[in-house]
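# Descriptive analysis of the structure
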Amino acid sequence: MVPVAFGTQTTGSITRPASYCGVVGYKPTYGLINSAGVKHLSHSQDTVGLLTRSVEDALFFVFGEPAVNRLVRDDRLPRIGLVRSSQWGHASAAAISEIEAFITRMAALGAQVHNITLPQELELLAEEQGRLFAYEARQSLKHEWLTARDQMSPRLIQRLAGGEGITAEEYLEMRRRVEEGKRKTALLFADADVLLYPAADGEAERSMIDSGSPRFGALWTVLQLPTLALRVGTGADGLPIGAQVIGRHADDVSLLHAAHLLASKAGFGQ
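Let me begin by describing the structure that accompanies this report.

Of all the 7 residues making up strand S8 (residues 240–246), 7 are buried; the element is thus mostly covered by neighbouring parts of the structure. Bridging between strand S6 (residues 194–198) and S8 involves 4 bridges; their strand directions are antiparallel. By the bridge assignment, Pro198 is partnered in S8 with Ala243. Inspection of the sheet shows strand S7 (residues 227–234) paired to S8 by 7 bridges, in the antiparallel sense. Considered in S8, the bridge of Thr227 is made with Ile246. Linking S7 back to S8 in an antiparallel pair, the connection comprises 5 residues, with Gly238 at a positive phi of about 85°.

Encoded structure:
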């Protein structure tokens, strides 16, 4: 319908719908696209990004024609770090199968693939992301909480309740662990140009009531890293299966160039 649309992500709200729809979902490095005018939920995580038809469209919209002209045109695929974590236990069999098949295809085409086990510190940080969200959201929505709680959804009320009792000292300790996590994450790129990770549990939910869990975006959002969701396969119901390509902090152009190469080999018209 349109060449580009804005999205916002606090946990997985660009990544997940892009995966469900088989389009590109680009969540840039935190703060690259100004968030003025956005009603914040979690001011340390809320990120404005894009939904586009192709990686090239996202690159052009943010970085302009010169960056597009520098796109790598050869077949030298990036080094890929396939990140394994406990969250993979929530992914459907089809999602795991399609991601692994995609990795196998990329390796056959010459990509170097390294399996990476997510360090325990980052596993814990992924779990803690929701508490950090809840603390900041309770502040951001304090007026609405006091004056219009009856108009809030039960899900939002439940998520805000998760921040009750968290002290300012505990919040600052969470922020400190995030900064430590950023340093730890840099080590994941020692043998990889980009990381690969699931984008959602699987295909889009059948129900209109539930949009699915955003869990697979949590860690990368709290770490403020650039990510790009692209289609890598098809599920049992014939709907898209997506994966996240994750780049180094503030190295968005390299991420987009690498994702463009991967998308061109994925066979889904991206």
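Next up on the list: the environment of Ser207. Mapped onto the secondary structure, Ser207 falls in the loop between S6 and helix H8 (215–222). For the pair formed by Ser207 and Leu77, sequence separation is 130 residues and the distance between their alpha carbons is 38 Å.

Glancing now at the environment of Phe60. Secondary-structure assignment places Phe60 in helix H2 (residues 55–69). Classification of Phe60 by relative accessible area gives partly exposed; the value is 48%. Apart from residues lying up to four places away in sequence, Phe60 is in contact with Glu65 and Val68.

Moving on, we get to the sheet that holds strand S2 (residues 24–27). Pairing is mixed in the open sheet, where 8 strands are placed in the order S1-S3-S2-S7-S8-S6-S4-S5. Strand pairing shows two members of the sheet lacking a second neighbour, strand S1 (4–9) and strand S5 (113–117), which therefore form its edges. Averaged over neighbouring strand pairs, the angle between their axes works out to 30° when direction is ignored. Running at roughly 100° to S7, helix H3 (residues 93–108) makes contact with strand S4 (80–84), S5, S6, S7 and S8 of the sheet.

Over its 19 residues, helix H7 (residues 168–186) runs 28 Å from end to end, which matches the ideal 27 Å to within 8%, given 1.5 Å per residue. Those residues of H7 not exposed but buried are Tyr171, Met174, Val178, Gly181 and Thr185. When H7 is viewed along its axis, its buried side chains cluster within an angular range of 65° and face the same direction. In H7, those exposed residues whose orientation departs by more than 90 degrees from the buried face are Glu169, Leu172, Arg183 and Ala186. Where H7 is buried, its residues meet helix H4 (120–140) and H8.

Calculation criteria
- Residues numbered from 1 in each chain as written.
- Predicted model: local features only at pLDDT ≥ 70, side-chain atom pairs only at ≥ 80, totals over all residues.
- Heavy atoms only, no water.
- Buried < 20%, exposed > 50% of the residue type's maximum accessible area, 1.4 Å probe, protein only.
- Helix = DSSP H or I, 4+ residues; strand = E, 2+ residues; numbered from the N terminus.
- Pairing = 2+ DSSP bridges.
- Contact = heavy atoms within 4.5 Å.
- Axes fitted to C-alpha atoms, helices over the stretch in contact; angles between N-to-C directions.
- Expected span 1.5 Å × (residues − 1).
- Arc of directions from axis to C-beta.

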